[in-house]
Amino acid sequence: MSMVAEAPLKNAVPTDQELIDFVVREARLIDQQRFDEWLDMYADDAFYWMPLEWNQTDPRLTCSLMYEDKLLLSIRVERLKGARTFSQKPKSRCHHVLQTPQVDSRDAAANSYVTWTPIHYVETRLDEQALYAAWVTHHLSVENGKLRIKLKRVDLINCDAAFGNIQLFM
Amino acid sequence: MTRYAGNAAAIRSLVRDQEVHRDVYVSEEVFQLEMEHMFPNSWVYVGHDSQVPNAGDYYGTTIGTQPVLLVRHTDGTVKVLHNRCPHKGTRITSETCGNTGKFFRCPYHAWSFKTDGSLLAIPLKKGYENTGFEQSHAATGMAPVRHVKNYRGFVFAKINDGGLGFEEFFGESLSSFDNMIDRSPVGQLKVAGGVLRYMHNCNWKMLVENQTDTCHPMVAHESSAGTVVDVWKKAPPGTKKPMAVEIIAPFMSPYEFFENMGIRIWDNGHGHTGVHHSIHSDYSAIPGYFEKMTAAYGEERAKAILGENRHNTVYFPNIMIKGPIQLLRQFKPIAANKTLVESWTFQLVDAPDMLLERTLMYNRLINAPTSIVGHDDLEMYERAQEGLHSNGNEWVNIQRLYSPDEAGQTNVAVNGTSEWPMRHQFRAWTKFMTMGM
């Protein structure tokens, strides 16, 4: 599948390969800093969740590193473009290595598909480079013939460690 | 080369009325002296007693760079113990928190200690007979920190015998803790939600100063809060303002807002911003909360408690609290150029969950290593830590709205953009650095 543009689904129900390609494409768009296209992969009611605790179940009454709706994600994307975003002068860059996403569940009747993807993520700026390891769970559904992210959950292997700035997206 | 050790005059010379020498931020020697003198001479926040509710519960932390344990003793009181075995120095616990039962047991040679630190047993005790062991340092067990105060759940400790008593050290500043605690209908807080830990490559005092720096938000946070304001402007008219926008947008308030909010100065480096109003003043009401407060305190008192909108209260040396959103940040020194920032949150016991939800949202939007507001600040601290190595100017300026008669004044409210709190913190810094030197 071409990574340049989003390919429409061939049928109403996505194949496993289409789910996998979608997850891989999301990481690629982040790495290539195509953030507007990246945001389009999210449903309007989507959340990006990065828990703070190991095996965290509650995003509301337990703190998270990130638990952001599309408004907050779009604010991040706008901020990255800002002329006075000094923490991005110079800009950060990032790099994803994905294990092949596994399709954990598929329920066409409920329009709900879940994938699980172990990743290594490198974020770098100036002379600093940090390596993170995480498991990413995508909850996907089909909207108007296209896959969309309803929930992206990023479980860092060291979620409770003290970190410096993490400025981009895993 | 030592310049400052045992030299109180040299330390005093680092702090002038309107400027401080860069060595207070960059010198490893000054940092070591802070750990040897200033932190042990001060009342330092250790933890909250809700972290150790049951006998044997412990929580490991640091005072300055010294490892200590907060522990609930069998008699129900909380103790603060140095976290090292008196035998070989092994740290007794490595997990941050847990329950040790009736006694601590060192994992190296099985020496055991009661939860007040006293020595309980040593294997093969006979080997110490007739060796004068009773007179050894080791015989006293895990050394307790002798000066501990549990103030309405907030536990402070002072390592040195010298210095000031708890009440004298904090004085009227405890009113900010009172207000935060009184916001619970039953006057009780509980640590909740987890702690955010954020590593900063800068001196710990830069963070403390920043808590009362009201001339930076509209500048340094233009990238984050300014973007929030811009994006929110595009929302269709009539859209309900989300909690996240209520939280971040006020960082873009104009200079006049911060000038008029006021700053209060107390003794010993303590003080708070937001005398009259603050960025927390205009949050939406949480359904059912005011009714609970009124039932508990009566309407007049409930209004008085909730009418306080103190912004940041700094407690010298290294914490700040936000009463209106039940948050405490501790700036833990690691090296002259390295600081661990811990941001703790509290649940108001018997208040609606929505308050904790807002507190946690505030914490992750502002204080997380993934926070865009945090990114703005850390960039400035790290640039300062690097810039201070320039020999073009060895001094940092803190003279905004300076007045020659301010030293010695206490409990005064001044213009909200004054750098008086920073001057005040450095007066306290000199006092507790050189005390007993």
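Residue numbers run consecutively from 1 along every chain, following the written order of its sequence. Here chains are named by letter from A upward and ligands by number from 1 upward, in the order in which they appear as written. Local features are withheld for residues below a pLDDT of 70 in this predicted model, meaning they are given only at 70 or higher, and side-chain atom pairs are given and counted only at 80 or more; totals for whole chains, interfaces and linings count all residues. Hydrogens and waters are ignored; side-chain quantities use all the structure's heavy atoms.

A. Here's a closer look at the sheet that holds strand β7 (residues 103-105) of chain B. All names here are of chain B. The 3 strands are arranged β7-β8-β9 in an open sheet whose pairing can be described as antiparallel. Where the open sheet ends on each side, the last strands, each with one partner, are β7 and β9 (119-121). For this sheet the average axis-to-axis angle between neighbouring strands, irrespective of direction, equals 35°. With 3 bridges connecting them, β7 and strand β8 (residues 112-114) associate as antiparallel partners. Its bridge partner being in β8, Arg105 is matched across the sheet by Ser112. Pairing between two strands requires that DSSP report at least two bridges joining them. Each helix is a run of H or I in the DSSP string that is no shorter than four residues. Each strand is a run of E no shorter than two, and both are numbered from the N terminus. For helices, the fitted line uses only the C-alpha atoms of the stretch in contact; every axis is such a line through C-alpha atoms, and the angle between N-to-C directions lies from 0 to 180 degrees.

B. A look at the interface of chain A and chain B. Each side of the interface is counted separately: chain A has 34 residues, and chain B has 35 residues. What gets called buried area is simply the loss in accessible area from a 1.4 Å probe that two parts show on being joined, summed for both. With both sides pooled, the region where chain A packs onto chain B buries about 3000 Å², and carbon together with sulfur makes up 60% of that total. Only one rule defines a salt bridge in this text: a Lys or Arg side-chain nitrogen within 4 Å of an Asp or Glu carboxyl oxygen. Remark: the boundary between chain A and chain B carries 4 salt bridges. One salt bridge connects B:Glu222 with A:Arg84, and the closest N-O pair in it is separated by 3.0 Å. Only β2 (64-69) and α3 (70-81) of chain A provide two or more residues apiece to the side of chain A that touches chain B. At 7 residues, α3(A) tops the list of elements feeding residues into the side of chain A that touches chain B. Following the grouping adopted for this structure description, the nonpolar residues are Ala, Val, Leu, Ile, Met, Phe, Trp, Tyr, Cys and Pro, the charged ones are Asp, Glu, Lys and Arg, and the polar ones are all others, Gly among them. A breakdown of the residues in the side of chain A that touches chain B according to their chemical character gives 16 nonpolar, 8 polar and 10 charged. Throughout, a residue-residue contact means that at least one pair of heavy atoms, one from each residue, lies within 4.5 Å.

C. Structural detail: the packing of helix α11 (residues 289-297) of chain B against helix α12 (residues 299-307) of chain B. Residues and elements named next belong to chain B. Two numbers describe how α11 lies on α12: the axes approach to 7 Å, and their chain directions differ by 125°. The pairing of α11 with α12 is recorded here as oblique in orientation. Where α11 crosses over α12, the handedness of that crossing is right-handed. On α12, the residues touching Tyr289, Phe290, Met293, Thr294 and Tyr297 of α11 are Glu299, Arg301, Ala302, Lys303, Ile305 and Leu306. Counted by class, the contact of α11 with α12 contains 7 nonpolar, 1 polar and 3 charged residues. The scheme is simple: roughly parallel for angles under 35 degrees, roughly antiparallel for over 145, roughly perpendicular for 65 to 115, oblique for anything else. By convention the crossing between two helices is left-handed if the near helix lies anticlockwise of the far one by an angle smaller than a right angle, and right-handed if it lies clockwise.

D. Here's a closer look at the side chain of A:Arg79. With respect to the helices and strands, the residue A:Arg79 is situated in helix α3. Burial status follows relative accessibility: with a 1.4 Å probe on protein chains alone, a residue under 20% of its type maximum counts as buried, one over 50% as exposed, and anything between as partly exposed. Using a relative accessible area of 1% as the deciding quantity, one classes A:Arg79 as buried. A distance of 2.8 Å separates the side chain of A:Arg79 from the side chain of B:Asp376, its partner in a polar contact. Residues within four places of A:Arg79 in sequence aside, it is in contact with A:Thr85, A:Ser87, A:Gln167, B:Ser223, B:Ser224, B:Thr227, B:Ile372, B:His375 and B:Asp376. For the purposes of these results, a polar contact is taken to be a pair of N or O atoms within 3.5 Å, where, inside protein, one atom must be able to donate a hydrogen and its partner to accept one; residues adjacent in sequence count only when each atom of the pair is a side-chain atom.

E. Up close: helix α15 (residues 420-434) of chain B. All names here are of chain B. What a helix should span is 1.5 Å times the count of its residues minus one. For α15, with 15 residues, the first-to-last C-alpha span of 21 Å sits near the 21 Å given by 1.5 Å per residue. The element α15 is largely enclosed, with a buried count of 13 among its 15 residues. Remark: Gly436 follows α15 within two positions and exhibits a positive phi of approximately 80°.

F. Main features of the nonpolar core. Counting 79 residues, the largest nonpolar core has B:Tyr25, B:Phe154, B:Phe156, B:Phe177, B:Leu328 and B:Trp429 as the members making the most contacts within it. Each residue touching B:Leu328, except ones within four places of it in the same chain, is listed here: B:Tyr45, B:Phe154, B:Phe177, B:Ile319, B:Met320, B:Ile321, B:Glu342, B:Ser343, B:Trp344 and B:Phe346. Here the nonpolar core consists of buried residues drawn from Ala, Val, Leu, Ile, Met, Phe, Trp, Tyr and Cys, with membership extended through side-chain atoms lying within 4.5 Å. Listed in part, the 47 residues of the second largest apolar core include A:Phe35, A:Ala43, A:Cys63 and A:Leu65.

G. Structural detail: the pairing of strand β3 (residues 57-63) of chain B. All names here are of chain B. Taken across its 7 residues, β3 has 6 buried, putting it largely inside the fold. In this sheet, strand β6 (residues 97-99) lies alongside β3 in antiparallel orientation, the contact comprising 3 bridges. Paired with Tyr58 across the strands is Gly98, a residue of β6. Where β3 lies against strand β4 (residues 66-72), 6 bridges are found, and the strand directions are antiparallel.

H. Summary view of the packing of aromatic side chains. Aromatic rings from Phe, Tyr and Trp, taking only the six-membered ring of Trp, are treated as a pair when their centres fall within 6.5 Å; an angle between ring planes under 30 degrees marks them as stacked, one over 60 as edge-to-face, and anything in between as tilted. Overall, the coordinates contain 34 aromatic pairs over all chains when judged by the stated rule. Taking 5.4 Å as the distance between ring centres and 90° as the angle between the ring planes, the aromatic pair formed by B:Trp43 and B:Phe166 counts as edge-to-face. Placement of B:Trp43 in the loop between α3 (28-41) and β2 (44-48) and of B:Phe166 in helix α4 (residues 166-170) is noted, with a sequence separation of 123 residues between them. A relative accessible area of 7% places B:Trp43 in the buried class. A relative accessible area of 6% places B:Phe166 in the buried class. To sit over a ring, a charge needs its Lys NZ or Arg CZ within 6 Å of the ring centre and within 35 degrees of the ring normal. The ring of A:Trp49 has A:Arg153 sitting right over it, with the charged end atom 4.5 Å from the ring centre. The lysine or arginine in question, B:Arg16, covers the ring of B:Trp395, its NZ or CZ lying 3.5 Å from the ring centre.

I. Expanded view of the packing of α3(A) against helix α14 (residues 372-387) of chain B. α14(B) packs onto α3(A) with a crossing angle of 30° between their chain directions and a minimal axis gap of 11 Å. By the criterion of interaxial angle, the relationship of α3(A) to α14(B) is roughly parallel. The residues of α14(B) that touch α3(A), namely those facing A:Ile75, A:Arg76 and A:Arg79, are B:Ile372, B:His375 and B:Asp376. Residues of the contact of α3(A) with α14(B), tallied by class, amount to 2 nonpolar, 1 polar and 3 charged.

J. Expanded view of the sheet that holds β6(B). Residue and element names in this part refer to chain B. Strand order across the open sheet formed by 4 strands is β5-β4-β3-β6, with antiparallel pairing between neighbours. Lying at the two open borders of the sheet, with one neighbouring strand each, are β5 (78-82) and β6. The mean inter-strand angle of the sheet, taken between neighbouring strand axes irrespective of direction, is 30°. Across 5 bridges, β4 lies against β5 in antiparallel orientation. Pairing of Val71 across the sheet is with Lys79, part of β5.

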